[in-house]
Every structure is written in C-alpha cells, then in structure tokens.
Amino acid sequence: MGRAFVYVIIGGGVAAGYAAHEFLNRDISPGELCIISEEPVAPYERPALSKGYLLPEAPARLPSFHCCVGTNEERLPPKRYKEYGIELILGTRVKSVDVKRKTLVTSTGETVSYKYLIVATGARALKLEEFGVNGSDASNLCYLRDLADADRLVSVMKSNAGGNAIIIGGGYIGMECAASLVINNLNVTMVFPEAHCMARLFTPQIAKFYEDFYQSKGVQFIKGTVLTSLDLNSDGKVVAVNLRDGSKLPADMVVVGIGIRPNTSLFEGQLTMEKGGIKVNGKMQSSNSSVYAIGDVAAFPVKLLGETRRLEHVDSARKSARHAVAAIMDPKSTSDFDYLPFFYSRVFTLSWQFYGDNAGQTVHFGDLSGPRFGVYWINKNKLVGSFLEGGTKEQYEALAQATRLQPLVQDIAEVERRGLEFAMSVSQKTPSSSQLPVPVGVAGTSLMLEKPLYVWHAAAGVIVAASFAAVAYWYGKRRRRW
C-alpha cells in the first residue's frame, strides 16, 4: 500500500524542522505534509548536542530543544505536528527515491508519492575507516552527529571522569567537545594535522588566542600529525592512540571529529551534483523541478560571492529551509536566495561570529589577547569577510551589514587603525541608493560604497541615450530636407 502527500521532507534535523515551521506559517492544510526521518524523535536543534546536552549540571534534554527554539520561535514537539495534521514517520529510513515518478520507498516497504520533495538529509560523520584506521566500533570511541551519538558520548564521559580523553580533529566538533569534556573533569588532548585549530577559518593569530585559552583550561594540543592506529584491550576498549610522529597517548575515551559527508546517495545519477552536494538554483530547486534541497546537502549560489557553495552550519540550514518553502508555496514573489554566510560558536566564556568569506588579505584589530578582537578579509579592494570575538549584539549586527555591503577599501592601514569602528561606521552611515557615492565616515576616509555607483551609471546611461536619440532625430530631419 502507499500514501500520497503534496509535500514530503526527508530528514529530521534543523532544516527539516524549519521547513515544517515555514509550511505552517503559510497555512498548509492538514494531511498535506509528511516528514520521514531515520531518527526516533521529531526535528530538533542539533547545535545543542555539542553544547547544552553535554553539560554536567542541568543538561539540555528533549523536548526543550525541538525546532524552532533556536530562533526563539514556536517549539514543535511531536504532539504539535499531530495537532497541525503533519504526518511524522520516525525511525524510518528511505531506501530509494524515483524522482521521475515522484515516489519513494521506505525501509518498511511503504511507497510514498509526493508533488514536491524537500531533501534535508544532512550529512554523516566521516569514520576512521575511511582514512585507513580501524576501531570505530570500540565501546569508548565516539562520534557526534545525532541524538544517539550524543547519548553515547554522555555515557562514556560519565564513566571516565578524571580520565584521559583524546580528540581527533581540530575543527568545530573537536573544539566544542573539548570544552565540554574539560567541564566534565576529563584531561583533554587534541590531535590534528594542521598547524593550528580551526584551520579552515581561523588565521594563525586568531587560533593562538583560542589555543592559549584552551591550554589555560588544561587542554593539550598535538599539531602536525595524525592518528595511525588504536590499541584495544580484550574488552574492545581503546587504551591508547598511536600517532604518525611516533607518539603513543594513553586513552580512556576517544572523540573523533574529522569532517562530514553529505547524504546524497539516494539521488546519485538522478540529480545534478556539485561541491559534494545536490546542486540547486536560487530557489533551492534541484535539476528536477519537483525536488528541492536544503541545509548541509545543498550546493547553492551565494550571490554575494558570485559562486556556488555548500555551507555546513545551522544558520544556513534554517534560512535555506524557509526559502525553499517560500519558493514552493509562492514562486512568483520569491526572489533568489541572497544569503550572507554566517558561522558562530560559543565555548567556555568565549563567543565569536564570522560573516562572509575568509579570502584575501587579513586585517586584525583589537587586543588579540582578549576580550574583544577581530579580523577583516579584504579581497580585490573590498571587504568580503569579518570575524569578531566578544562583541555585543549591536556590534555583530554592524559587522554583518558592513560585510554584506562589501565597501571598497583603498587604505588597509586606515582600516586597521579604525578597527571595529570601521564596520560600525559603514553600517551607520550607508548612503541611500539615490545618492551619488560619497565617502563614509570622516573626511579623507578610504571607504567608498560601490553599489550606489549603479544609480549614477543608470542615470548617465539615460542621459546619453536621450542625447543619441535627439541627434538621430535631428539628423533624420536634415536628411529628409536634402
């Protein structure tokens, strides 16, 4: 037997939850929407798993972080889906999808048909075995991607308090788990091949601040090397990790955070792929007009950067979900997704935010020993990216607005001298689109906003065109006289 729905969402994470919420905002009818998820719970805010969920006291637990509490909106526990007439098919894997026939088959053998399909399958954690190291099934080795992983990590942490925890990887998961493990009274050592932590985003100067801070909390760093093998005892537990540099580190538990891979296998050979994900247009629509992709699995055009990107962060998941639903429900009035890349993290007493693109020349500002400092990225004489640690709400908002505007920068030294005030000035003194470009800030500033030039170009174009028309008219009359 089979069932039919107007809208079907595959996935149960952040993107799925926010898509469902947007459908409700647009007043879909009961029985039109179905969500199919491998997880046994309704969609929830995944960032909680590496933060509040791991706290030793008053930890976050469901239903407190179901979507959409992450943006201070309505929380949707399972009963709310039922009240709204949304079908939740939980603990169920989708075995296959036929995008031409608009059908899918679940692991229970049920066939589900749809008019529109939203792919919110997210990504899976990369396993050690994919890098030639065995041992992922060890009872004290943990990954962190979903609720089951988080429950396992909590259990292993509690049973090894006071012991040695080895974290493989120096990215988001590694840094956030390190903070949680320290709070849970474990001795933490981080191992990664790069020269510093968060190498995909942090500059060496930024990384030094966070590494110094973590070391003050007891975290040790072993950089420039990788895991080569694990020593297991007769009970199947890791007792030591072996590194390429010859080191052997005793271990009571291991956490692995070495990256993720988008879950696209259901659509290989059916949809166009790019950047490791499903390629979509500015409406989040795939190469099949009935299929949309959102969140980690979607490779979409970032208008501000002029290229296609696949972004792995909760903000992108939330906003791409809402945009896809808007495009499905109201395609004529929904413009292309105009997203400003945004990443953030909160660990210990620290909190940072990043906007845009970390490409080009870096300009550091503030006291890099804390508590407030930042970085601008200048590429082709434009501000394209910005980072700030320890900012206020107003400062972060100014940073975001300045980065989106991409002001021209003619004097790097002045930007460095002005520091955070540079972004504040841009955001506060943006000229209206009807004005000619004028310097922003004090006299002699190096900053010029580029976009208002288009208004002047348009006006000039009209004048020139009118002039040509007048000349042509006069010339035509003269020819008739001849």
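Along each chain, residues carry numbers from 1 onward, in the same order as the chain's sequence is written. Thresholds applied to this predicted model are a pLDDT of at least 70 for local features of residues and 80 or more for the giving and counting of side-chain atom pairs; totals over whole chains, interfaces and linings are not thresholded and use all residues. Just so you know, side-chain values use all the structure's heavy atoms and leave hydrogens and water out.

1. As for the overall build of the protein
Looking only at helices and strands, the protein has 10 helices and 28 strands in total. A burial count over the protein gives 51% of its 482 residues as buried. Residues count as neighbours in contact if any of their non-hydrogen atoms are within 4.5 Å of one another. A separation threshold of at least 6 residues defines the contact pool for the protein, and within that pool the share at least 24 residues apart is 60%. Throughout, the Shrake-Rupley method with a 1.4 Å probe supplies accessible areas, and for residues the shown protein chains are the sole cover considered. Only carbon and sulfur atoms are counted for the fraction: they give 51% of the accessible area of the protein, which is about 22,000 Å². Numbered from the N terminus, helices here are DSSP runs of H or I no shorter than four residues, and strands are runs of E no shorter than two. The buried label applies to any residue whose accessible area, calculated with a 1.4 Å probe on protein chains only, is under 20% of its type's maximum; exposed applies above 50%, and partly exposed to all values in between.

2. Things to note about helix α4 (residues 172–183)
Under the convention used throughout, the expected extent of a helix is 1.5 Å for every residue step, that is, one less than its residue count. Spanning 12 residues, α4 covers 17 Å between terminal C-alpha atoms, matching the ideal 16 Å at 1.5 Å per step. Burial analysis of α4 places 9 of its 12 residues in the buried class, the great majority of the element. Burial in α4 covers these residues: G174, M175, E176, C177, A178, A179, S180, L181 and V182. Considering only its buried residues, α4 is in contact with α3 (147–159), β9 (164–168), β10 (187–192), α5 (204–216), β15 (253–256) and β22 (342–347).

3. Focus on the sheet that holds strand β18 (residues 277–279)
We call two strands paired when DSSP finds no fewer than two bridges between them. Taking strand neighbours across the sheet as the criterion, the 4 strands line up as β17-β18-β20-β21 in an open arrangement whose pairing is mixed. Taken across any chain shown, the strands that pair with only one partner, and hence form the sheet edges, are β17 (273–274) and β21 (307–309). Two strands pair when backbone bridges link them, and β17 and β18 are joined in this way by 2 bridges, in the antiparallel orientation. In the strand pairing of β18, M273 is matched with I278.

4. Describing the packing of aromatic side chains
Between two aromatic rings, the relevant description is the distance of the centres plus the angle of the planes. Stacked, tilted and edge-to-face are the three classes applied to pairs of Phe, Tyr and Trp rings, where Trp contributes its six-membered ring and a pair requires centres within 6.5 Å; stacked means planes under 30 degrees apart, edge-to-face means over 60, and tilted covers the rest. The full count for this structure, using the stated rule, is 28 aromatic pairs. Judged by centre distance (4.6 Å) and plane angle (35°), the rings of Y7 and F23 are tilted. Here Y7, found in strand β1 (residues 2–10), pairs with F23, found in helix α1 (residues 14–25); they are 16 residues apart in sequence, far enough to count as distant. Of the two residues examined, Y7 and F23, each falls in the buried class. With centroids separated by 4.9 Å and ring planes inclined at 15°, the aromatic side chains of F342 and Y355 adopt a geometry described as stacked. Residue F342 is found in strand β22, and its partner Y355 is found in strand β23 (residues 350–356); the two are separated by 13 residues along the sequence. Assigned by exposure class, F342 and Y355 land together as buried. Following the ring pairs from residue to residue traces out a cluster consisting of Y172, F192, F202, F209, Y210, F213, Y214, F221, F348, W352, F373 and F387. Charge over a ring is defined by NZ of Lys or CZ of Arg lying within 6 Å of the ring centre and within 35 degrees of the ring normal. Its guanidinium or amino end placed over the ring of Y143, K127 lies 5.0 Å from that ring's centre, counting from NZ or CZ.

Treat this as a map of the structure, not an account of what it does.
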